[in-house]
Amino acid sequence: MEKFSYSKTEVYAQCPYKYKLIYVDKHFINQPSIATDFGSLIHFIEETMANTIKSGQQINYRQMINLLYAGDEEHNIKGVDKIKQLYPEDFKTPDKNGRTYSEKVETYIDSGMCRLEDYLAENPNLEIVAAEQPFDVDYRGYTFHGFIDRIFRDKVTGDYIIEDIKTYG
């Protein structure tokens, strides 16, 4: 059974010929970019913090800031220091919203890194069930595959909240 991910269906929606080249003819174009490296870094930090809270431990923000700058070689996650070296012009060039990656890093440290704990403090009935949870859904002979960034459960109602983390803007 063929598996589809959100990314795979997005490529098809953008251009069926591009989909054919990549997924049928196997002409993969894996060009790293500042957006994918920075997004992977933020997702990794957010996953680490969620798993820390889930295990009943306190987040060590000094350690998270160190992770932000140094990355994690074991998981092939580039930190801000390496991203700056690889994409020096992109790092200081404003994006379509007028923000540089340097500004995004500052904003993440100042207010983004604590969002999860703030959200849980504002919603004490919620608990973290999973972070980066893989899933497969079979539908009409196709399997849709992906990862859920975070799953919360309301301890009162039993309802679940699925969160998709975005790093743009």
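Residues numbered from 1 in each chain as written. Predicted model: local features only at pLDDT ≥ 70, side-chain atom pairs only at ≥ 80, totals over all residues. Heavy atoms only, no water.

A few points about the overall build of the chain
At step 1: Broken down by element type, the chain carries eight helices and six strands.
At step 2: What you see in the chain, going N to C, is helices and strands ordered as β-α-α-α-α-β-β-α-α-α-α-β-β-β.
At step 3: With the principal axes as the frame, the chain shows a C-alpha extent of 50 × 45 × 30 Å.
At step 4: Counting over 169 residues, the chain shows a buried share of 31%.
At step 5: Carbon and sulfur atoms provide 51% of the accessible area of the chain, an area that totals close to 11100 Å².
At step 6: Counting 20 positive and 28 negative side-chain charges, the chain places the averaged centre of each group 4 Å from the other. (Helix = DSSP H or I, 4+ residues; strand = E, 2+ residues; numbered from the N terminus. Buried < 20%, exposed > 50% of the residue type's maximum accessible area, 1.4 Å probe, protein only. Areas by Shrake-Rupley, 256 points an atom, 1.4 Å probe, with all protein chains shown as cover. Lys, Arg positive; Asp, Glu negative; His and termini not counted. Charge placed at Lys NZ, Arg CZ, Asp CG, Glu CD.)

Quick word on the nonpolar core
At step 1: Ile 45 and Leu 68 are the most contacted members of the largest nonpolar core, which has 21 residues in total.
At step 2: Taken together, the elements giving at least two residues each to this core come down to α3 (34–54), α4 (61–70), α5 (80–86) and α7 (101–112).
At step 3: Examining the composition of this core, we find that seven residues originate from one element, α3, more than from any other.
At step 4: With seven residues, the next largest nonpolar core counts Leu 116, Leu 126, Ile 128 and Phe 152 among its residues. (Core = buried A, V, L, I, M, F, W, Y, C linked by side-chain atoms within 4.5 Å.)

Considerations on the side chain of Asp 149
At step 1: With respect to the secondary-structure elements, Asp 149 resides in strand β5 (residues 142–154).
At step 2: Within the buried set, Asp 149 has no salt-bridge partner at all; the shortest N-O distance to an opposite charge, 6.1 Å, is to Lys 166.
At step 3: Separated by 2.5 Å, the side chain of Asp 149 and the backbone nitrogen of Ile 165 make a polar contact.
At step 4: Here Asp 149 is in contact with His 43, Ala 130, Ala 131, Glu 132, Glu 163, Asp 164 and Ile 165, once residues within four sequence places are set aside. (Salt bridge = Lys/Arg side-chain N within 4 Å of Asp/Glu carboxyl O. Polar contact = N/O pair within 3.5 Å; in protein donor to acceptor, adjacent residues only side chain to side chain. Contact = heavy atoms within 4.5 Å.)

Details of the packing of α3 against α4
At step 1: Interaxial distance between α3 and α4 falls to 10 Å at its minimum, and their mutual angle equals 160°. The angle between α3 and α4 falls in the class roughly antiparallel. The two elements α3 and α4 meet at a crossing, and its hand is right-handed. Note on element contacts: α4 touches α3 through Tyr 61, Met 64, Leu 67 and Leu 68, opposite Leu 41, Ile 42, Phe 44, Ile 45, Thr 48 and Met 49.
At step 2: Here the residues of the contact of α3 with α4 sort into nine nonpolar, one polar and no charged. (Axes fitted to C-alpha atoms, helices over the stretch in contact; angles between N-to-C directions. Parallel < 35°, antiparallel > 145°, perpendicular 65-115°, else oblique. Left-handed = near helix turned anticlockwise from the far one by under 90°. Nonpolar A, V, L, I, M, F, W, Y, C, P; charged D, E, K, R; others polar.)

What to know about the layout of surface pockets
At step 1: Roughly 1400 Å³ of internal volume is contained in the largest pocket.
At step 2: Surrounding the largest pocket, 32 residues form its lining, Tyr 6, Ser 7, Thr 36, His 43 and Lys 166 being those nearest its centre.
At step 3: Breaking the lining of the largest pocket down by element, the ones donating at least two residues are α1 (6–14), α3, α7, β4 (126–139) and β5. (1 Å grid on protein atoms, 1.4 Å probe; cavity = no way out; pocket = protein on both sides within 12 Å on 5 of 7 lines; lining within 4 Å. Points joined across faces, edges and corners; volume = space filled by probe spheres on them.)

Overview of the pattern of salt bridges
At step 1: Summed over the entire model, instances satisfying the criterion amount to eight salt bridges.
At step 2: Here Asp 37 ties to Lys 78 by a salt bridge, and the two come within 3.5 Å at their closest N and O atoms. In this pair, Asp 37 is assigned in helix α3 and Lys 78 in strand β3 (residues 77–78), connecting sequence segments 41 residues apart.
At step 3: By relative accessible area, which is 10% here, Asp 37 ends up buried.
At step 4: With a relative accessible area of 26%, Lys 78 lands in the partly exposed category.
At step 5: The residue Asp 164 makes a salt bridge to Lys 166 at a minimum N-O spacing of 2.9 Å.
At step 6: Judged by its relative accessible area of 44%, Lys 166 falls in the partly exposed class.
At step 7: Shared partners join several salt bridges into a network, and the residues in it are Glu 46, Arg 115, Arg 150 and Glu 163.

Everything listed here is a matter of coordinates, which is why it stays silent on function.
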